[in-house]
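# Working through the structure, step by step
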Amino acid sequence: MNNTMCVIGLGYIGLPTAVMFANSGLKVHGVDINEKAVNMIANKQLHIEENGLQERLDQAIDAGNLTVSTTPVEADVYIVAVPSPINPDNTANLEYIRKATASIVPYLKPGALVILESTVPPKTVENIMLPELRKSDLVLGENLFVSHSPERVIPGKIFEELVNNDRIVGGITPESAEKTKALYKTFVQGEIHLTDATTAELVKVMENTYRDVNIAFANELAKIAETIGVDIWEAIRFANFHPRVNIHLPGPGVGGHCIAVDPWFLVELNPENAEIIHKARLTNDAMPQFVAQKAQFLLDAKGITDGKVAVLGLAFKGDVDDMRESPSVSVVEALQERGIEVKSFDPHIKTLQHTTQQATLEEATQDADLIILTTDHTDFKQLSPNSLTTKQPKPFILDTKNALSRDKWEQAGFHYFKLGDGSPVGVMS
């Protein structure tokens, strides 16, 4: 019976996973190299934002089922949930995986189960983890069991999806997979599908790559729509009434720790056969520049030089505080490259983490010639345009997420434009 667990990495995946197991009756020890995060968690304070996390963390610590520190301990099960980012040249950085695996080797005992949850390139378990685990002198598949069970959750709904989503488990042996399945059955109500480790690695990367390619398709359609006077959001909605069509939505780019990263794993693995995947990545990575170009066009059309822009949103998606690979940040940088002064605001990012970030919405917008919505936070969707004070008497609003009501903003005196909208600029008084 697995009674004790050690979770390596207490970020957006590791911490929710740790508290789920702790509240399911296991004794869980969480580990992170970030001392500040460890100290905050020990004091029941959150260093990340996630619905339902605070109460679950309180419950786990109050029950004595969750402890945290910067070093591992001996346990029956180890879960590795550390970052697997890309380098500046878009190659995979697997040092976090290797170091995390190496850190648990001195604590491994016969019968231990090691699970990798991080999303990684295929063959990472085989080529990165197993060589480190062999240093334990335990026999892989006999008295040391290893699996890959990639997370399949979305920020903002992590706990709901941890419980309800199907799960893929890939073991280095069938027994490794079975032991992992039995563990996750502690709280997972979705189906748990068993395979080998490399297949599980590929499946997770495929899932995110599918979404990236689909978004790139939508972004290409948005650019085309702007040249023929069509609202692409309406066109996609109509197309998706077809029973075998599911076109994703366009936007200012793709962000987060998965979709903007994982396709590069396949490009690096087999570049000659990843042509569509590579093109999709380049297409989505170019969208912030497209948004900046559209903003420049609007300012030029009004005859505004030395334009000032307010960017609403720095997180990569609505109602989260996660800025990893955020296209909103890239939009800010693309505007600055054009010599445009930028101020930004994000209600979910409580501490100032970007040089353009303002403490209040008013500070971000008061001198703006143009407002660009890049993140569809609920706060922004519900924003009253009449509450804003801007530099221009009839300022521009550029909606890259189709999150705002055109009628409401135009009635308030704004010139409303959105990404993928074929409406002409016309005469702007």
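Every value quoted in this text rests on a predicted model; they were computed, and no experiment measured them.

So, how was this worked out
- Residues numbered from 1 in each chain as written.
- Predicted model: local features only at pLDDT ≥ 70, side-chain atom pairs only at ≥ 80, totals over all residues.
- Heavy atoms only, no water.
- Core = buried A, V, L, I, M, F, W, Y, C linked by side-chain atoms within 4.5 Å.
- Buried < 20%, exposed > 50% of the residue type's maximum accessible area, 1.4 Å probe, protein only.
- Helix = DSSP H or I, 4+ residues; strand = E, 2+ residues; numbered from the N terminus.
- Contact = heavy atoms within 4.5 Å.
- Phe/Tyr/Trp six-rings, centres within 6.5 Å; stacked < 30°, edge-to-face > 60°.
- Lys NZ or Arg CZ within 6 Å of the ring centre and 35° of its normal.
- Pairing = 2+ DSSP bridges.
- Axes fitted to C-alpha atoms, helices over the stretch in contact; angles between N-to-C directions.

With that settled, consider the nonpolar core. Ranked by internal contacts, the top residues of the largest apolar core, which has 40 residues, are Met 5, Phe 21, Val 28 and Leu 66. No other element matches the six residues that helix H1 (residues 14-22) contributes to this core. Not counting chain neighbours up to four residues away, the residues in contact with Val 28 comprise Met 5, Val 7, Ala 18, Phe 21, Ala 22, Asn 65, Leu 66 and Thr 67. Among the nonpolar cores identified, the runner-up in size contains 35 residues, and Ala 75, Val 80, Leu 130 and Val 267 belong to it.

Moving on, we get to the packing of aromatic side chains. A full pass over the atoms with the stated rule returns six aromatic pairs. Where Phe 21 meets Phe 187, the ring centres are 4.8 Å apart and the plane angle is 70 degrees; that geometry is what we call edge-to-face. Separated by 166 residues along the polypeptide, Phe 21 in helix H1 and Phe 187 in the loop between helix H7 (174-184) and strand E8 (192-196) bring together distant segments of the chain. Through successive ring pairs, a cluster of aromatic residues spans Phe 21, Tyr 184 and Phe 187. The residue whose ring lies beneath Arg 56 is Phe 159, and the NZ or CZ to ring-centre distance is 4.2 Å.

Here the focus is the sheet that holds strand E10 (residues 341-345). Either a parallel or an antiparallel arrangement is found when strands of a sheet pair, and the pairing is made through backbone hydrogen bonds. Taken together, five strands build an open sheet; the order of strands is E10-E9-E11-E12-E13 and the sheet is parallel. The strands lining the two open edges of the sheet, one partner per strand, are E10 and strand E13 (415-418). The sheet shows a mean angle of 20 degrees between the axes of neighbouring strands, taken without regard to direction. Direction of pairing for strand E11 (residues 370-373) relative to strand E12 (residues 396-399): parallel, over a ladder of four bridges. In the sheet register, Ile 372 faces E12, and the bridge partner there is Leu 398.

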